[in-house]
Amino acid sequence: QRPRSPAAAMAARLKRCLVRRRDGREQHGVAASCLRELRDKASGILAIDKAREPITLVLAEDGTIVDDEDYFLCLPSNTTFVALAKNEKWSSKSLDSGTAWLSESVDEVDNAAEKWKQLARQLKDDLSNIILMSEEDLQVLIDVPRSDLAEELAQSQTKIQVLQDTLQQVLDRREEERQSRQLLELYLEALKNEDSILSKVAESETVPRKEMDVVDTGTSSTGTSGKTALSDQILAALKEKPAPELCLDSQDLELVLKEDTQALASALRWDKQKAEALQQACDQELSKRLQQVQTLHSLRSTSKGKKTLPWGDWLSSKRKK
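Definitions and cut-offs
- Residues numbered from 1 in each chain as written.
- Predicted model: local features only at pLDDT ≥ 70, side-chain atom pairs only at ≥ 80, totals over all residues.
- Heavy atoms only, no water.
- Helix = DSSP H or I, 4+ residues; strand = E, 2+ residues; numbered from the N terminus.
- Buried < 20%, exposed > 50% of the residue type's maximum accessible area, 1.4 Å probe, protein only.
- Contact = heavy atoms within 4.5 Å.
- Areas by Shrake-Rupley, 256 points an atom, 1.4 Å probe, with all protein chains shown as cover.
- Phe/Tyr/Trp six-rings, centres within 6.5 Å; stacked < 30°, edge-to-face > 60°.
- Lys NZ or Arg CZ within 6 Å of the ring centre and 35° of its normal.
- Patch = residues over 30% accessible without salt bridge, like charges linked within 9 Å, V, L, I, M, F, W, Y side chains within 5 Å.
- Salt bridge = Lys/Arg side-chain N within 4 Å of Asp/Glu carboxyl O.
- Lys, Arg positive; Asp, Glu negative; His and termini not counted.
- Charge placed at Lys NZ, Arg CZ, Asp CG, Glu CD.
- Pairing = 2+ DSSP bridges.
- Axes fitted to C-alpha atoms, helices over the stretch in contact; angles between N-to-C directions.
- Polar contact = N/O pair within 3.5 Å; in protein donor to acceptor, adjacent residues only side chain to side chain.
- Core = buried A, V, L, I, M, F, W, Y, C linked by side-chain atoms within 4.5 Å.

### Remarks on the overall build of the chain
On a plain count of helices and strands, the chain comes out with 12 helices and four strands. Each of the 321 residues in the chain was classed as buried or not, and the buried ones make up 37%. Taking the intrachain contacts of the chain between residues at least 6 apart in sequence as the baseline, contacts between residues at least 24 apart amount to 65%. About 19300 Å² of surface is accessible on the chain, with carbon and sulfur atoms providing 50% of the total.

### Some points on the packing of aromatic side chains
Centre distance and the angle of the planes are the two values used to describe a pair of aromatic rings. Under the criterion given, the structure shown has one aromatic pair. Seen in terms of ring centroids, F72 and F81 are 6.3 Å apart; in terms of plane orientation they differ by 45°. Their pairing is tilted. No difference in accessibility class separates F72 from F81, as the two residues are buried. Just above the ring of F72 sits the side chain of K15; from NZ or CZ to the centre is 5.7 Å. The side chain of K274 reaches across the aromatic face of W270, ending 4.4 Å from its centre.

### Side note on a negative patch on the surface
Side chains of D67, D68, E69 and D70 sit close together on the surface and give a patch of like negative charge. As for its placement among the helices and strands, D68 is situated in the loop between β3 (56-59) and α3 (69-74).

### Describing the sheet that holds strand β4 (residues 79-84)
In space, the four strands of this open sheet follow the order β2-β1-β4-β3, with mixed pairing throughout. Of all strands in the sheet, those bounded by a partner on one side alone are β2 (28-32) and β3. With strand direction ignored, the average angle separating the axes of adjacent strands in the sheet is 40°. Two elements, strand β1 (residues 15-21) and β4, share five bridges in a ladder whose sense is parallel. Bridge pairing in β4 links R21 to A83. Those strands touched by helix α2 (residues 35-45) are β1, β2, β3 and β4, and its axis lies near 150° from that of β2.

### Re helix α10 (residues 261-268)
In terms of burial, α10 is largely enclosed, as six of its eight residues are buried. By the burial criterion, the buried members of α10 are T261, A263, L264, A265, S266 and L268. Among the residues of α10, the N-terminal cap falls to D260, whose side-chain oxygen and the backbone nitrogen of Q262 are separated by 3.2 Å. One or two positions beyond α10, positive phi appears at R269, with a value near 60°.

### Structural notes on the nonpolar core
Residues L230, L238, L248, V256, L264, L268 and L278 are the most contacted members of the largest nonpolar core, which totals 22 residues. Within the residue set of this core, elements represented by two or more residues are α8 (232-240), α9 (250-258), α10 and α11 (272-301). In terms of residue count, α11 provides more of this core than any other element does, seven residues in total. Setting aside anything within four residues of it in sequence, one finds L268 in contact with L235, L238, K239 and L278. Counting residues in each nonpolar core, the second largest holds 19 residues, with I130, L141, V170 and L171 among its members.

### Things to note about the pattern of salt bridges
Tallied over the entire structure, the rule returns 13 salt bridges. The partner of R178 in a salt bridge is E135, and the shortest N-O contact between them spans 3.0 Å. Of this pair, R178 sits in helix α7 (residues 157-204) while E135 sits in helix α5 (residues 135-143); the two residues are 43 residues apart in sequence, bridging distant segments of the chain. Assessed through its relative accessible area of 5%, R178 is described here as buried. Residue E245 pairs with R181 through a salt bridge whose shortest N-O separation is 1.9 Å. With E245 in the loop between α8 and α9 and R181 in helix α7, this residue pair connects regions lying 64 residues apart in the sequence. When its relative accessible area of 26% is taken as the criterion, R181 is described as partly exposed. In the salt-bridge network here, residues are joined through shared partners; they are E177, R181, E245, E285, K288 and R289.

### Observations concerning a nonpolar patch on the surface
On the surface, a cluster of nonpolar side chains totalling about 390 Å² of accessible area is made up of L184, Y187, L188 and L191. On the secondary structure map, Y187 appears in helix α7.

### Considerations on unusual backbone geometry
Cis rather than trans, the peptide bond between E53 and P54 has omega equal to 0°. Looking at the secondary structure, you find P54 in the loop between α2 and β3. With a phi close to 70°, N87 is a non-glycine residue in the positive phi region. Looking at where N87 falls in the secondary structure, it is placed in the loop between β4 and α4 (112-125).

### Examining the pairing of β4
Across a regular strand the side chains alternate sides, sitting on one face of the sheet and then on the other. Of all six residues in β4, six are buried, a share of seventy percent or more. The two faces of β4 match: T79, F81 and A83 on one face and T80, V82 and L84 on the other face are all buried. Pairing of β3 with β4, which is carried by four bridges, proceeds in the antiparallel orientation. For L59, the partnering residue across the bridge sits in β4 and is F81.

Okay, structure coming up:
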């Protein structure tokens, strides 16, 4: 047998990979023999500024950080990596499937029929998208005639009935959570009022003191106009809905988190503290949803090599919870 040439030997050691940026859809093919070489090539081909290096490579499928050389060598060819620059974090938009649909604005669809079909296609790609949908989108799919949804998803009407029952349960759970939070808020407000009354009684029994400064907890008086990138629809939901983080989809939650707190407070005519509390609630809700999605994707990756969880298994697992 003739010995291989140096070029052939080098090619044999190279691993074919796909790389893209965190919020980008365009993928680039890269061949690398080691993790360091892949990082260097990814930085160059994705035009990442030197000041934002070193980059972190994560698996596009579930956000797993790849920083071990042996682990890199065990990965199959054509694995997709997301390159994160310094201070960037992997988020829902980095998922290779499942949440990539978040970058598409369903609100731009004027025709109601087209809207439910677009939502249905997201479920066809990955049922875990249910977790990331807004309450409005869940209701749209619940209201679709069973026969139409069955035809669109190429499933039996029996399975579609189970699917719509699951959608209704998700919607019901969010409403139950909202009511629980409202009851808790009423309870805390009652305690606060009781403490205030007791405090005033105690003050009246002591020597009168100088009048204390009153802290204005109402509208912020910064005098600046609230310039925000949030749509009127999102602002209306934030201002009018109880526990608004439960009714928004995950893309809208990300937009609220990215918004400047002072600008958000001005736009809603709230004080800064209340706006901060809202952003914290949105952050917790988004983290919870993404954790659920990552858990389902991990189950999917270990489910006999199947690309997606079987409809029956996924839906039955949701119904048991």
